[in-house]
Amino acid sequence: MTFTRMLMAILLLVGGWTQASDSTADPVALIRSTADYVLEQVRERKAELQKDSSGIYELVQKKVLPHFDFRIMSRGALGKYWRRASEAQKQRIAREFRELLVRTYATTLLNYSDQEVEYLPFRGKPEDKRVTVATRVHDQGGPPIPINYRLYRTSDGRWKIYDVVVDGVSLVSNYRSSFAAEVKKSGIEGLISSLARHNRKQRGA
């Protein structure tokens, strides 16, 4: 499984979290409605989005990002080095990591419009604070891709995603080794600078 396929799974979710989605709803229903919406959007607007990819970025920025906890994701990706960072550095890392995921992989969504998403039985309890929503994405010409969405419940009852595991590979853990290598080489500030340079390049700045 390539990392592009892994991000495809995330972007199936990322592309379509509508304003009407209720973050306090059953987590399976939330994931299902999101995936259904994004696939419909891509099918209907594919020519438009391929012509102007800014529509994908706008969709992600407005409909999705509030439902991901990038601080927790950044903490997991940085691992033991998170404790060494100042509060200002943690905020910058989370901001750059968020842009890295959005800008690098948003257009990947355009290549995936005909997947069938199968939702496996939910094994959590209503009172659980952390849950996993298990799905399988059936891609043409290949075996189903198992995808687990890890969510936690906030103090006000909302669900937020803090990791996505595709075919046994965690998105957060996937970045941990490269982040650790950069911190060992150049420190926390070096990592932030590296992420910022990459993001500027993606923006064409």
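Look a little higher up for the structure.
Because the structure is predicted, anything quoted here is derived from the model rather than measured. (Residues numbered from 1 in each chain as written. Predicted model: local features only at pLDDT ≥ 70, side-chain atom pairs only at ≥ 80, totals over all residues. Heavy atoms only, no water.)

Moving on, we get to the sheet that holds strand 2 (residues 130-138). With antiparallel pairing, 5 strands are arranged side by side in an open sheet as 1-2-3-4-5. Each of the sheet's edge strands pairs with one partner strand only, and the pair in question is strand 1 (116-119) and strand 5 (169-170). Pairing of strand 1 with strand 2, which is carried by 4 bridges, proceeds in the antiparallel orientation. Bridging across to strand 2, E118 finds its partner in R136. (Pairing = 2+ DSSP bridges. Helix = DSSP H or I, 4+ residues; strand = E, 2+ residues; numbered from the N terminus.)

For the pair helix 4 (residues 70-78) and helix 6 (residues 171-203), the least separation of the axes is 6 Å and the interaxial angle reads 75 degrees. In terms of orientation, helix 4 and helix 6 fall into the roughly perpendicular class. Contacts between helix 4 and helix 6 involve M73, G76, A77 and L78 on the former and, on the latter, L171, V172, Y175, R176, F179, V183, I188 and L191. Taken together, the residues that form the contact of helix 4 with helix 6 break down as 10 nonpolar, 1 polar and 1 charged. (Axes fitted to C-alpha atoms, helices over the stretch in contact; angles between N-to-C directions. Parallel < 35°, antiparallel > 145°, perpendicular 65-115°, else oblique. Contact = heavy atoms within 4.5 Å. Nonpolar A, V, L, I, M, F, W, Y, C, P; charged D, E, K, R; others polar.)

Formed by 41 residues in total, the largest nonpolar core has its most connected members in M73, L78, F97, Y175, F179 and I188. Counting only elements with at least two residues in this core, the list comes to helix 2 (27-51), helix 4, helix 5 (87-105), strand 1, strand 2, strand 3 (145-153), strand 4 (159-166) and helix 6. When residues in this core are grouped by element, the largest group, 10 residues, is from helix 6. Not counting the four nearest positions on each side in its chain, L78 is found in contact with I93, F179, V183, I188 and L191. (Core = buried A, V, L, I, M, F, W, Y, C linked by side-chain atoms within 4.5 Å. Buried < 20%, exposed > 50% of the residue type's maximum accessible area, 1.4 Å probe, protein only.)

This part covers the environment of I56. Here I56 shows up in helix 3 (residues 54-63). When the C-alpha positions of I56 and V42 are compared, they lie 9.3 Å apart, and in sequence the two are 14 residues distant.

This next bit is on helix 6. The terminal C-alpha atoms of helix 6 lie 22 Å apart, and with 33 residues this falls more than 12% below the ideal 48 Å at 1.5 Å per residue. Bending of helix 6 peaks at approximately 120 degrees at the position of S186. Capping the start of helix 6, S170 holds a side-chain oxygen 3.2 Å from the backbone nitrogen of V172, two or three residues further along. With its phi angle positive at about 80 degrees, G204 sits one or two positions after the end of helix 6. (Expected span 1.5 Å × (residues − 1). Bend = angle between axes of the 7 residues up to and from the residue. Polar contact = N/O pair within 3.5 Å; in protein donor to acceptor, adjacent residues only side chain to side chain.)

All told, the structure shown has 5 aromatic pairs when counted by the stated rule. Ring plane angle 85 degrees and centroid distance 5.2 Å describe the contact between F97 and Y175, whose orientation is recorded as edge-to-face. Note that F97 is positioned in helix 5 and Y175 in helix 6, a separation of 78 residues in sequence. Judged by its relative accessible area of 0%, F97 falls in the buried class. Cluster of aromatic residues (ring-pair linked, three or more members): F97, Y175 and F179. (Phe/Tyr/Trp six-rings, centres within 6.5 Å; stacked < 30°, edge-to-face > 60°.)

The next thing to look at is unusual backbone geometry. At D167, a position not held by glycine, the phi torsion is positive, near 55 degrees. Counting through the fold element by element, D167 comes out in the loop between strand 4 and strand 5. Judged by its relative accessible area of 44%, D167 falls in the partly exposed class.

Within the fold, A196 resides in helix 6. With 101 residues separating them along the chain, A196 and R95 place their C-alpha atoms 9.4 Å apart.

What follows concerns a positive patch on the surface. On the surface, K80, R83, R84 and K184 cluster together into a positively charged patch. Examined against the element boundaries, K184 turns out to sit in helix 6. (Patch = residues over 30% accessible without salt bridge, like charges linked within 9 Å, V, L, I, M, F, W, Y side chains within 5 Å. Areas by Shrake-Rupley, 256 points an atom, 1.4 Å probe, with all protein chains shown as cover. Salt bridge = Lys/Arg side-chain N within 4 Å of Asp/Glu carboxyl O. Lys, Arg positive; Asp, Glu negative; His and termini not counted. Charge placed at Lys NZ, Arg CZ, Asp CG, Glu CD.)

Below, the discussion takes up the pattern of salt bridges. A complete count under the given rule lists 6 salt bridges for this structure. A salt bridge links E189 to R92, with the nearest nitrogen and oxygen atoms 2.9 Å apart. Of the two residues, E189 sits in helix 6 while R92 sits in helix 5, which places them 97 residues apart along the sequence. Accessibility expressed as a relative area gives 28% for R92, which makes it partly exposed.

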